[in-house]
Amino acid sequence: MVVEFGAEAVLDVGCGTGEFIARLVDMEVRALGVDPAAASLRVAESKLTPGSAELVIGTVSALAGDNALRNSFDMATMTANVAQVFLDDDEWLSTLRTIRRCLRSGGRLVFETRDPADQAWERWTKEATHRTVDLGDLGEVEEWIETTNVEGEFVTFVSPTIFHLDGERIDSTSTLRFRPNSVLEQTLSEAGFTEVEIHDLPYAPGRGWLFIAIAGS
């Protein structure tokens, strides 16, 4: 879509370990990635030529006071689970408003989110998600995800990681919010996006949506 929409500057919110940022750089697109996890950004930096993209530690609110970023991007993206990690309504709306501020008039916000009706969390079991991968010098690493609690739109799950080389185990707990598409449309409108398209996720038809929202003038 970056090529399709002719985007020359992209803001990647929740860029994580930089997979998408690296692709943008390969396409010679000016990119800024923001993520609260310093460890993830260190991995992202290792994938990039120094100076090829800008990475910022923190949430997107860290960009709110930077006037140099106002109206400076053609596109903003939130890939994978990023749009669902904002659990609080005020935080979600504030994030959308900051993104709108960074976009040029007519710029696009593109993000994906799961359809609550699919109840993806019912498939998040150890039996269904367990895998072991070989990380070379780090040895084999075992991991899976498992739902631990469901309360309305909020789903909590654990993600254990076990390093076979030394037996170390790291347990990560996360919560995602599964908002209906009508609520997402409303908050996008409140944040200053004038047109919203909702598509089926190309790689997971029937399981999620791809939102494309156009920034108003």
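Everything here concerns the structure above.
Residues numbered from 1 in each chain as written. Predicted model: local features only at pLDDT ≥ 70, side-chain atom pairs only at ≥ 80, totals over all residues. Heavy atoms only, no water.

Caption draft 1: Expanded view of the overall build of the protein chain. Each helix and strand counted, the protein chain has five helices and 12 strands in total. A compact globule built from 217 residues should have a C-alpha radius of gyration of about 17 Å, and the protein chain, at 18 Å, falls within 12% of that. A principal-axis box enclosing the C-alpha atoms of the protein chain has dimensions of 55 × 45 × 30 Å. Burial status across the protein chain gives 41% buried among its 217 residues. Total accessible area on the protein chain stands at roughly 11300 Å², and carbon and sulfur atoms take up 48% of it. For the protein chain, the separation between the mean place of its 18 positive charges and that of its 36 negative charges on side chains is 4 Å. (Helix = DSSP H or I, 4+ residues; strand = E, 2+ residues; numbered from the N terminus. Rg over C-alpha atoms; globule rule 2.2 N^0.38 Å. Buried < 20%, exposed > 50% of the residue type's maximum accessible area, 1.4 Å probe, protein only. Areas by Shrake-Rupley, 256 points an atom, 1.4 Å probe, with all protein chains shown as cover. Lys, Arg positive; Asp, Glu negative; His and termini not counted. Charge placed at Lys NZ, Arg CZ, Asp CG, Glu CD.)

Caption draft 2: Layout of the state of the cysteines. Counted under the stated rule, the structure contains zero disulfides. Free of any disulfide, Cys15 has its nearest neighbouring cysteine sulfur in Cys102, separated by 14 Å. Note on Cys102: relative accessible area 0%, which makes it buried. (Disulfide = S-S within 2.5 Å.)

Caption draft 3: Representation of the pattern of salt bridges. Under the definition given, this model contains eight salt bridges. Note that Asp89 and Arg179 form a salt bridge whose closest N and O atoms lie 3.6 Å from each other. Within this pair, whereas Asp89 is found in helix H3 (residues 89-102), its partner Arg179 is found in the loop between strand S10 (169-177) and helix H5 (181-190), the two being separated by 90 residues in sequence. Taking the relative accessible area as the measure of exposure, Asp89 reaches 45% and is therefore partly exposed. (Salt bridge = Lys/Arg side-chain N within 4 Å of Asp/Glu carboxyl O.)

Caption draft 4: A look at the environment of Arg114. Structurally, Arg114 can be placed in strand S5 (residues 103-114). Judged by relative accessible area, which is 24%, Arg114 ranks as partly exposed. Sequence spacing of Arg114 and Asn81 is 33 residues, and the spatial spacing of their C-alpha atoms is 8.3 Å. Those residues in contact with Arg114 that lie beyond four places of it in its chain are Asn81, Gln84, Ala120, Trp124, Leu176, Phe178, Arg207, Gly208 and Trp209. (Contact = heavy atoms within 4.5 Å.)

Caption draft 5: Main features of the pairing of strand S3 (residues 54-57). When strand S2 (residues 30-35) meets S3, the two strands line up parallel, connected through four bridges. Its bridge partner being in S3, Gly33 is matched across the sheet by Leu55. (Pairing = 2+ DSSP bridges.)

Caption draft 6: Fine view of the sheet that holds S3. Pairing is mixed across the open sheet formed by seven strands, whose spatial order is S3-S2-S1-S4-S5-S12-S11. Each edge of the open sheet is held by one strand with a lone partner, namely S3 and strand S11 (193-200). Between one strand axis and the next, the sheet turns through 15° on average, direction left out of account. In the sheet, S11 pairs with strand S12 (residues 208-215) via seven bridges, with the strands oriented antiparallel. Along S12, the bridge assignment pairs Glu197 with Ile212. (Axes fitted to C-alpha atoms, helices over the stretch in contact; angles between N-to-C directions.)

Caption draft 7: Spatial organisation of the packing of H3 against H5. Closest axis-to-axis distance for the H3/H5 pair is 9 Å, and the angle between their directions is 50°. Classed by the angle they form, the pair H3 and H5 counts as oblique. Pair H3 / H5 crosses with right-handed handedness. Contact residues: Trp92, Leu93, Leu96 and Arg97 in H3; Leu184, Thr187, Leu188 and Glu190 in H5. (Parallel < 35°, antiparallel > 145°, perpendicular 65-115°, else oblique. Left-handed = near helix turned anticlockwise from the far one by under 90°.)

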